[in-house]
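Secondary and tertiary structure notes
Listed below, chain by chain, are the residues.
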Amino acid sequence: MARRSAACASWRGLFKLSRSMTAPATSGLLRRLREWGVIRVAVSYAVIAWLALQIADVTFEPLGVPRWVMVSLIVTAVLGFPVAVTLAWFYEVGDRGLVRDTAGEGAVRPAVHGVRRYADLSVIGVLLVAVAVLLVRQSDLGQSGAGGPAIAVLPFQNLSTSKDGEILALGIAESVLYQLANLAELDVISRTSSFAFRDRDKDAQEIGRELGARYLLEGSVQSDRSRMRVTTQLIDTETGADVWAMRFDRPLGDIFAVQDEIALQVTQALELSVDPAAMKRMTGQGTSNLGAYLAFLQGRALLANARVVDMTEAIEHFERSVKLDPTFAGAYVSLAEAEVFLGEYEATDDRQERFKRALLRGQELVEKALALDPNNGAAYLQRAQFAAYDSLAAAEADYRHGLELSPNSAEGYAGLAAVVYATPSRRDEVLELLDRARKLDPLEPGHDVIKAQFLWIERADLQGANALLVDVLKHKPQYTPALETLGGLREMMKQAANSIRYSEQALALDPSREWTRRALIRGYVDLGDLSAAKQLLEDDGSERSPRQLRLLMHEGDWRQAGELAYESLARDGISGISGTDMLMIVNAIRMHARATDEFERARAALEEVSGVSWDSAGRVTLPQEGSPVRAAAIGLAEVLLASGQERRGRQLLETILARMRHEVGELGRPELWYQLYHPTALALSGQNDAALEMIERSIASGSRLVDWWYYFDSDPAYGPLRQDARFQAALNTVHAYVAAQRGELERMRADGLVPDRR
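Presented here is a report on the structure given in the accompanying data block. (Residues numbered from 1 in each chain as written. Predicted model: local features only at pLDDT ≥ 70, side-chain atom pairs only at ≥ 80, totals over all residues. Heavy atoms only, no water.)

With that settled, the discussion passes to the overall build of the protein. Scanning the protein for helices and strands turns up 34 helices and 10 strands. Classification of the 758 residues of the protein by burial places 48% in the buried group. A separation threshold of at least 6 residues defines the contact pool for the protein, and within that pool the share at least 24 residues apart is 61%. (Helix = DSSP H or I, 4+ residues; strand = E, 2+ residues; numbered from the N terminus. Buried < 20%, exposed > 50% of the residue type's maximum accessible area, 1.4 Å probe, protein only. Contact = heavy atoms within 4.5 Å.)

Okay, the pattern of salt bridges next. Counting across every chain of the model gives 51 salt bridges. Notably, a salt bridge pairs glutamate 638 with arginine 594, separated by 2.5 Å at the nearest N-O pair. Residue glutamate 638 is found in helix α29 (residues 631–642), and its partner arginine 594 is found in helix α27 (residues 579–596); the two are separated by 44 residues along the sequence. Using a relative accessible area of 39% as the deciding quantity, one classes arginine 594 as partly exposed. For the salt bridge of arginine 749 with glutamate 746, the shortest nitrogen-to-oxygen distance reads 3.2 Å. On the criterion of helical spacing, the pair formed by arginine 749 and glutamate 746 is a turn pair, its members being 3 residues apart in helix α34 (residues 725–750). For arginine 749, a relative accessible area of 9% translates into the label buried. Shared partners join several salt bridges into a network, and the residues in it are Glu514, Arg518, Arg547, Arg550, Asp581 and Asp707. (Salt bridge = Lys/Arg side-chain N within 4 Å of Asp/Glu carboxyl O.)

The next subject is the nonpolar core. Within the largest apolar cluster, 127 residues are counted, with the highest numbers of intra-cluster contacts made by Tyr524, Met553, Ile589, Leu652 and Phe712. Of all hydrophobic cores here, the second largest spans 70 residues; its members include Leu180, Ala181, Val230 and Phe341. (Core = buried A, V, L, I, M, F, W, Y, C linked by side-chain atoms within 4.5 Å.)

Another point: helix α26 (residues 558–572). Taking 1.5 Å of rise per residue, the 15 residues of α26 would be expected to cover 21 Å, and the 21 Å separating its terminal C-alpha atoms lies within 8% of that figure. Where α26 is concerned, the buried positions are Trp558, Ala561, Gly562, Leu564, Ala565, Tyr566, Ser568 and Leu569. Contacts from the buried residues of α26 go to α25 (549–554), α27, α28 (599–610) and α33 (708–713). Directly beyond the C-terminal end of α26, a positive phi value near 75° is found at glycine 573. (Expected span 1.5 Å × (residues − 1).)

What follows concerns the environment of glutamate 238. In this structure, glutamate 238 sits in the loop between β7 (227–236) and β8 (242–251). On the accessibility criterion, glutamate 238 (33% relative accessible area) is partly exposed.

Contact pair helix α18 (residues 428–440) / helix α19 (residues 445–459): the axes reach a minimum separation of 10 Å and the direction vectors enclose 165°. Here α18 is positioned roughly antiparallel relative to α19, judged by the angle of their axes. Taken as a pair, α18 and α19 cross one another with a handedness that is left-handed. In this structure, α18 contributes Asp428, Val430, Leu431, Leu434, Asp435, Ala437 and Arg438 to the contact, and α19 contributes His447, Asp448, Ile450, Lys451, Phe454, Leu455 and Arg459. A breakdown of the residues in the contact of α18 with α19 according to their chemical character gives 7 nonpolar, 1 polar and 6 charged. (Axes fitted to C-alpha atoms, helices over the stretch in contact; angles between N-to-C directions. Parallel < 35°, antiparallel > 145°, perpendicular 65-115°, else oblique. Left-handed = near helix turned anticlockwise from the far one by under 90°. Nonpolar A, V, L, I, M, F, W, Y, C, P; charged D, E, K, R; others polar.)

Note that leucine 684 resides in helix α31 (residues 672–684). Residues leucine 684 and proline 720 lie 36 residues apart in sequence; the distance between their C-alpha atoms is 9.3 Å. In this structure leucine 684 touches Ile634, Glu638, Leu641, Arg650, Leu653 and Ala717, once residues within four positions along its chain are discounted.

Let us look at the pairing of strand β6 (residues 215–223). Within β6, 8 of the 9 residues are buried, which leaves it mostly tucked inside the rest of the structure. Strand direction decides the pairing type here: strand β3 (residues 150–153) and β6, joined by 3 bridges, are parallel. Directly across from valine 153, in β6, lies its bridge partner leucine 217. By the bridge criterion, 2 bridges tie strand β4 (residues 157–158) to β6 in an arrangement that is parallel. Along β6, the bridge assignment pairs glutamine 157 with serine 220. (Pairing = 2+ DSSP bridges.)

Evaluation of the coordinates by the stated rule reveals 4 cavities of 30 Å³ or more. Counted as a void, the largest cavity has a volume near 130 Å³. Around the largest cavity, the lining residues are Arg518, Ile521, Pro546, Arg547, Leu549, Arg550, Leu564, Ser568, Asp572, Ile577, Asp581 and Ile585. Ranked by residues supplied to the lining of the largest cavity, first place goes to α26 with 3 residues. Taken together, the residues of the lining of the largest cavity break down into 6 nonpolar, 1 polar and 5 charged. When its volume is computed, the second largest cavity comes out at roughly 80 Å³. Together, Glu491, Ala496, Ser499, Gly523, Asp526, Leu527, Leu705, Trp708, Tyr737 and Val738 line the second largest cavity. (1 Å grid on protein atoms, 1.4 Å probe; cavity = no way out; pocket = protein on both sides within 12 Å on 5 of 7 lines; lining within 4 Å. Points joined across faces, edges and corners; volume = space filled by probe spheres on them.)

As a further point, take a nonpolar patch on the surface. Together, Val71, Val75 and Leu79 line one region of the surface with nonpolar side chains, adding up to about 270 Å² of accessible area. Note on placement: valine 71 falls in helix α4 (residues 67–90). In this structure valine 71 comes out as partly exposed when scored by relative accessible area, which is 46%. (Patch = residues over 30% accessible without salt bridge, like charges linked within 9 Å, V, L, I, M, F, W, Y side chains within 5 Å. Areas by Shrake-Rupley, 256 points an atom, 1.4 Å probe, with all protein chains shown as cover.)

Turning to unusual backbone geometry, a few remarks are in order. If you check the backbone angles, aspartate 597 has positive phi at about 65° while not being a glycine. Within the secondary structure, aspartate 597 is located in the loop between α27 and α28. Overall, the relative accessible area of 59% leaves aspartate 597 in the exposed class. Of note, aspartate 707 is a non-glycine position whose phi angle comes to about 55°, a positive value. Position of aspartate 707 among the secondary structure elements: in the loop between α32 (688–701) and α33.

Structure, rendered in structure tokens:
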């Protein structure tokens, strides 16, 4: 309503101005000003100057023009006005150009013809456009949808010599960061990225560019046992100038009040309009017990390292914190996070059981935190992470509520993206959530790795995924998740030797990465380098290692391979097995059934893995709508056919292929992942030409080059195809590719890029 009233007032003012400019001449000074063109010049100057300033205001900031240029432009415009009016008084513009006006009062002024005769109308037209621009900018139509300003809180410098000085300095900065992160009016860069500048040697403007932050909050802390001095500065990264600076000399016990005041001063300096509920969440740290708070800060510092070796000590600090203040909700949340992290990643013989116990314990701790503080956003986000193991709907509800309370949680957006991804029809939302997470945490490479995996798996955009991963490694060459993912991606990009190179780098940095080790074994077997593959087996503590599966399959030892596949399913469960390993497990079970006639055992295992079921009328149901990887379902169909259950086997194949046609042809899903296993379904159903066509496309795309030796040499489904000339031509193409990649691998070994495991 206010905007509409302002618009009406602007239009009324414009109407009055236009009437005054076109009304008959009046007497006295006004008539002389009109005759001498002073009014025309004054109004023209004002309109043009105002319009120029509006354009500068819109364009200078995105272009990075320093603020002093805008200030200089405003001063020039103001000082130029009296100069323009004075010149208009003494000079006139006629057909002869600019001449001194010596005519007396009432005399005929110099004649003006052509376009300049319509100066009054031109001024009115420009003014109309200018006012229209102003109204659009003030209305919702002119809003760009951008959020509030972005701010990064850098780690405060420790100027103390006391034992807790470093923890106190970092803790104050971290606490202010989390307080500001409660505000939806600000984009607050996460701790992971902003604290990367702990030992900074860059100026504010460069840090601002790297973090995408308009403002930086930095400071220092000097303390002893009783007092502290905290100095803070809010810096504009575009100019490098201080927006404000403050110093606090307070007793050590006033740390909570100091943190609140710093956060409040930031909101005032940035002229933010914060609602009372958000302001209440922003102030206070959840405890007034200094000992509990210091223990909490020590635990948070260790938790941020995300290392198993630090978790036990972090847990001890959090336990001490809640013992000193049993009402400290934030400490319970962090204790839950640390205990579940340790249960999930600590390598022990009973890891699965320990993780289950840690998860139950974590859920209890989070519920206790929410009972103490029902508006604790971090507690909801942590509960969402725990809920995702059992209920995606509950996890999403908690993620969304947690992000309402903590709208600057990059981890929250990334976690929500993982939950949303589980619903195929909503996967377009995933990229938006990941981009939001990356904006808040620009230096965390994990977001780009997850986005690359999404582009690869969901969009079959191998080039886009590759570009993201290469960029991550350009900034962090030893980031093992990027190396591991790039290794798998390059395998699909028909660069097997390069795949081995990146996977070897990842394994050298972290020898405990089991999936990377198995991927390397697969890569060496695909290139026929069995000695290198065997060297990677080593002992993983089990009598019969899952790492041996591909070598057993390559040797045609179907009995041992099948038993190992059953053991792997029992030990790791469906969720603990990677996609490519699951393909080979399914194949091993199929071949084991043929070698032993244990078809019922194979049927039961594959039915459980695939989730396929039949109703009372015998109609088949496929789970996971939109999931293209149906290796277990296709393997089940083959086992049914081989065991004489022809009707069920054919019905299952028809359902699988109909779903594939619907998803690729009607839903537009990329065919890449169907190429990996669906040629088997086509061949089993007798559609040989269609099977051959998909095999040819799969070789061209690179998907059929993974485990190629099994499918071309041993898979029973391909039996009717092996004498076909097209099949033989495809096999020759694969052999040529393998020879070329084996030569590339030898060159990499000679150059020291890949270890010689032979």
